[in-house]
Amino acid sequence: MKRTLDRAPFFLIAVLFLLLSTSADAFAQTKSKALPRVNRQSAAQGAPASQLKDPAVERKIEALLKQMTLDEKIGQMNQFSFGAPTGPGTSRSEYGEMIAAGKLGSVFNLTGAKETNQLQRAAMTKSRLKIPIIFGLDVIHGYRTTFPIPLALAATWNPELVQQTASAAAHEAAAEGVRWTFSPMIDISRDARWGRIIEGAGEDPFLGSAMARAYVMGYQGARLSDPGSIAACAKHFVGYGAAEAGREYNTTQIPERLLREVYLAPFNAAVNAGAATLMSAFNDLNDVPASANPFTIKQILKKEWGFRGFVVSDWTSIKEVIAHGIANDGPTAARKAVLAGVDMDMEGELYISTLAAQVKSGAVPVSVIDDAVRRILRVKFALGLFDNPYANEKVLPANLDAAHVDLARTAAEQSFVLLKNEKGVLPLSAAAKTIAVIGPLADDADAMLGAWGGKGDAKNVITLQASLQDFADKHHMRLLHEKGTEIRGGTDAGIPAAVNAARQADVVLLAVGESAGDMTGEAASRTVIDLPGLQTKLLEAVAAAGKPTVLIVFSGRPLTLTPVVDKVNAVVQAWHPGIQAGPALWRVLSGQANFSGKLTVSMPRAVGQLPLYYNALNTGRPHLKVDLTHPPTNGDEKYVSRYIDELNAPLFPFGYGLSYTKFDYSRVSISAKSLSSESLNADSQSLKVSVDVKNTGERDGVEVAELYLGERGTSISRPVRELKGFQRVALKAGESKQVEFTVGKEQLRFWNIDMRQIVEPGIVTVWVGPDSQTENSAEFSIGK
């Protein structure tokens, strides 16, 4: 859908919105028809068959293994980043020479068809066995076309749309010789201090699993060998998102039950979806570094789950087991990693320099090397690299694909979360003739790309300021723009001019938040996650001008907005929305499109609440009926699980998001009042949960109906409630639809006191509503 509505006269916006025949959600549904639909209720159901089980390929692999020398095998397990030092003092020679000698199996950070083909020719014409190189890159939320950051894409609650963005990224990357992405990052994170929360889907394992599956299916397509497909790499295996204190690379302590219930769930979904590779993590897990952990890699991943692809380490993470303290030298680190099941060494140089001697001494069995190489070759065969090793060197168009740009705008529109809309200040009124756009992020193209922007270029970004200025120039609307202050640092010298602009305006759009590369992503943990620099001072001064003010927050994490949320009329969580930031925002702010995004992370009131997540366990002293809005005044108020200076609840809960219309839910209806645990475990029994959702407002909209379950009376304490299903429901004004979910074994089983994944007897509460705090519920029992 083209940007024709961006050029409409301002006073006709409301009329045009009513006449708009194709909503953003309808656009997404239309586009998704070319792709397999993702089952939103269960990421484990309907997973595609693995693409790594071809018997003919297995015979080719075995034949090739018999021809390989030990050095050639270990060469396949060696990966280097292009551009890293070569020559004296390193273990590497010129890349082409290493490839020709069979000492390099993969190269990453090299892009371009001509560039990758040049090295590929060394493999296919000069090496003894003609084994192709696999080229990898961090394609995280787009390649040339930069989509919203993954945390924002998750806020769409639209796996089909996420799958489309991954497919678009795959086609663009593959066209330049990149056939492997180090994505999706599917770490569950419950701590917004951690910078890499930006790369995941938030705090919930069910939603995280749905997104993991969508990314894998989007990247890999129907077949890995298709020219537009790339191999996915689910990362970081495992527990990285639980880093203590939210500090990057920090230790993690995760009991096995919690590990299996929460942190492993998205990885299991990715493997079931056919993920070709996984990446081992930097962190240690329960005192064992994740890149040398046989329990998680060999036992769970490869044995229990039957994973047939290969595991690559994170950047030098094998070498880092020395710093973790379980190895005193490089050979020991390499031996522990390879025996744990890490098949490829990313940039660590330890496999290539130490494994041959350890195989010859008997410290490392040759069968371990063969298994690793077999897995690497399996992925290369599946990608079709042996038959089609080269990228097409045709000249790529200078401009981005128009369909991908439209997709970027749709994804951004659906990712925005409306957190507050006091007195209906949004959508913008046609009577607003003067708009002040204030703040350091109103015209920051680089920030819109977000962390890990691939090959995204700021010149392709349309900022909020640029989009509004284009409209104002064409339609004689007055637009005032003041930066006010820097994102962080700087002075308050620009604040008076910003206040002056606000006083002249009918409405103020205040664009604040975080920068991308230095404040979010890897190595960007923060102990204070409020608005950085002088932005709070700017906000307070502008809000004091007394004009209707819309706060637009661009960030890679949920920020603590408690000190400022009551000072403005509306709050929009815009994340870092990609190249179409401006047009997408203009459409939702003006009412041409409606908000439908919902939070996938609980937004904290204070950093002291972290880690914070909705699906927590109860305590022996829950606060229940105690009023937490004031400090305790007696023992009954004090001796419960609470803070004395803040509420327990988040500022905005998981699953929360407003719309320009209103949705009403009928009482939850269930098809049975009791089930049998024996029948459930045999997968022969289930029940239906249904509600009627009605759009009671005057605008069309999309609601995300969320299903939560909570069970009590079981052998272990269970979370108060857990997300077990969701559906996006498009409703015209006044329209009502029935939403139905199936609840059975998949939704009710858990790892019990004996560490068996089964359904147990108990009493189950079912909630269906707009967010994780809904009280719309029903109950059923599970007998023996």
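Residues numbered from 1 in each chain as written. Predicted model: local features only at pLDDT ≥ 70, side-chain atom pairs only at ≥ 80, totals over all residues. Heavy atoms only, no water.

Caption draft 1: Representation of the overall build of the protein chain in the model. Counting its secondary structure elements, the protein chain contains 25 helices and 27 strands. Whereas a compact globule of 784 residues would reach a radius of gyration of roughly 28 Å, the protein chain reaches 27 Å, a difference of no more than 12%. Seen through its principal axes, the protein chain has C-alpha atoms that stretch 75 × 65 × 45 Å. Here the protein chain holds 784 residues, and the buried ones make up 62% of them. Once local pairs closer than 6 in sequence are excluded, the contacts in the protein chain between residues at least 24 apart make up 79%. About 28,500 Å² of surface is accessible on the protein chain, with carbon and sulfur atoms providing 51% of the total. Charge separation in the protein chain, taken as the distance between the mean sites of 83 positive and 81 negative side-chain charges, equals 4 Å. (Helix = DSSP H or I, 4+ residues; strand = E, 2+ residues; numbered from the N terminus. Rg over C-alpha atoms; globule rule 2.2 N^0.38 Å. Buried < 20%, exposed > 50% of the residue type's maximum accessible area, 1.4 Å probe, protein only. Contact = heavy atoms within 4.5 Å. Areas by Shrake-Rupley, 256 points an atom, 1.4 Å probe, with all protein chains shown as cover. Lys, Arg positive; Asp, Glu negative; His and termini not counted. Charge placed at Lys NZ, Arg CZ, Asp CG, Glu CD.)

Caption draft 2: Main features of the confidence of the model for the protein chain. Of all residues in the protein chain, 94% have pLDDT values of 70 or greater, and the mean over the chain is 93. Per-element confidence in the protein chain ranges from a low mean pLDDT of 34 for helix α1 (residues 13-19) to a high of 99 for helix α7 (residues 150-154). Confidence drops under a pLDDT of 50 for residues 1-49, and excluding neighbours within four residues, the segment shows 118 contacts in the predicted structure. (pLDDT = per-residue confidence, 0-100.)

Caption draft 3: Looking closely at the sheet that holds strand β16 (residues 570-573). The sheet built from six strands is open, its strands ordered β11-β16-β15-β14-β12-β13 with mixed pairing. This sheet does not close on itself; its edge strands, each paired only once, are β11 (417-421) and β13 (478-482). Between one strand and the next, the sheet's axes are offset by a mean angle of 15°, whatever the strand orientation. As defined by bridge partners, strand β14 (residues 507-513) adjoins strand β15 (residues 549-554) across six bridges and the pair is classed as parallel. Bridge pairing links alanine 511 to isoleucine 552 in β15. Against the sheet, helix α19 (residues 464-475) makes contact with β12 (434-438), β13, β14 and β15, and its axis sits at roughly 155° relative to β13, the strand it touches most. Here helix α22 (residues 581-590) sits on the sheet and contacts β14, β15 and β16; the angle it forms with β15, its principal contact strand, is near 145°. (Pairing = 2+ DSSP bridges. Axes fitted to C-alpha atoms, helices over the stretch in contact; angles between N-to-C directions.)

Caption draft 4: Summary view of the side chain of glutamine 220. On the secondary structure map, glutamine 220 appears in helix α9 (residues 205-220). Given a relative accessible area of 1%, glutamine 220 falls into the buried group. The contact partners of glutamine 220, leaving out residues within four places of it in the chain, are Gln51, Ser229, Ile230, Ala231, Ala232, Gly274, Ala275 and Ala276.

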